[in-house]
Amino acid sequence: MDQQIEIVESYKYLGVHLDNKLNWKKNTNVLLKKASLRLFFLRKLRSFNVCNKLLHVFFIFFYHGILASVLVAYAVPCWCTITLEDRNRINKLIKKAGSILIHWK
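Computed from a prediction, not measured in an experiment: that's the story for all the values here.

K.L.:
I'm lost on the overall build of the protein in this one. Help?
P.N.:
For the protein, the count of helices and strands is three helices and two strands. Across the protein, helices and strands are ordered from the amino to the carboxyl terminus as β-β-α-α-α. The burial tally for the protein puts 29% of its 105 residues in the buried class. In the protein, the proportion of contacts linking residues at least 24 apart, taken out of those at least 6 apart, comes to 64%. For the protein, the accessible area works out to roughly 7900 Å², and carbon and sulfur atoms hold 62% of it.

Here it is, written out as structure tokens:
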């Protein structure tokens, strides 16, 4: 009953990184790191001349599996407080992924 609560700088709960100031920078950084790793594989697939269908399937996985699931399922009520800088970083990454598909020959 009389237990002390440990105060931490940040905590991961259900895949969402929360910090002690409810700042979303750490969560955005983790999201962008995951997405960048997937984007690397998307670029590699393109460089190996993988067929359009497979590249498209991977893009759909990338978008729905990494970005949409995190943005929609986990943190939508809280993302309204995300900074414009972080929002722009996420949008830039989505555009990069789309440009890989568009420039596919």
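K.L.:
Even after reading the chapter, I still don't get the pairing of strand β1 (residues 10–13), so can you show me in this structure?
P.N.:
For a regular strand, side chains alternate in direction, first toward one face of the sheet and then toward the other. Pairing geometry for β1 and strand β2 (residues 16–19), over four bridges, is antiparallel. Residue pairing for β2: Tyr13 is matched across the bridge by Val16. Where β1 folds back onto β2 in an antiparallel hairpin, the turn is made up of two residues, including Leu14, whose phi is positive at roughly 55°.

K.L.:
Would you mind showing me how to read a nonpolar patch on the surface here?
P.N.:
There is a patch of nonpolar side chains on the surface, built from Val8, Tyr11, Tyr13 and Leu14 and spanning about 450 Å² of accessible area. Examined against the element boundaries, Leu14 turns out to sit in the loop between β1 and β2.

Criteria and thresholds
Residues numbered from 1 in each chain as written. Predicted model: local features only at pLDDT ≥ 70, side-chain atom pairs only at ≥ 80, totals over all residues. Heavy atoms only, no water. Helix = DSSP H or I, 4+ residues; strand = E, 2+ residues; numbered from the N terminus. Buried < 20%, exposed > 50% of the residue type's maximum accessible area, 1.4 Å probe, protein only. Contact = heavy atoms within 4.5 Å. Areas by Shrake-Rupley, 256 points an atom, 1.4 Å probe, with all protein chains shown as cover. Pairing = 2+ DSSP bridges. Patch = residues over 30% accessible without salt bridge, like charges linked within 9 Å, V, L, I, M, F, W, Y side chains within 5 Å. Salt bridge = Lys/Arg side-chain N within 4 Å of Asp/Glu carboxyl O.

Treat this as a map of the structure, not an account of what it does.
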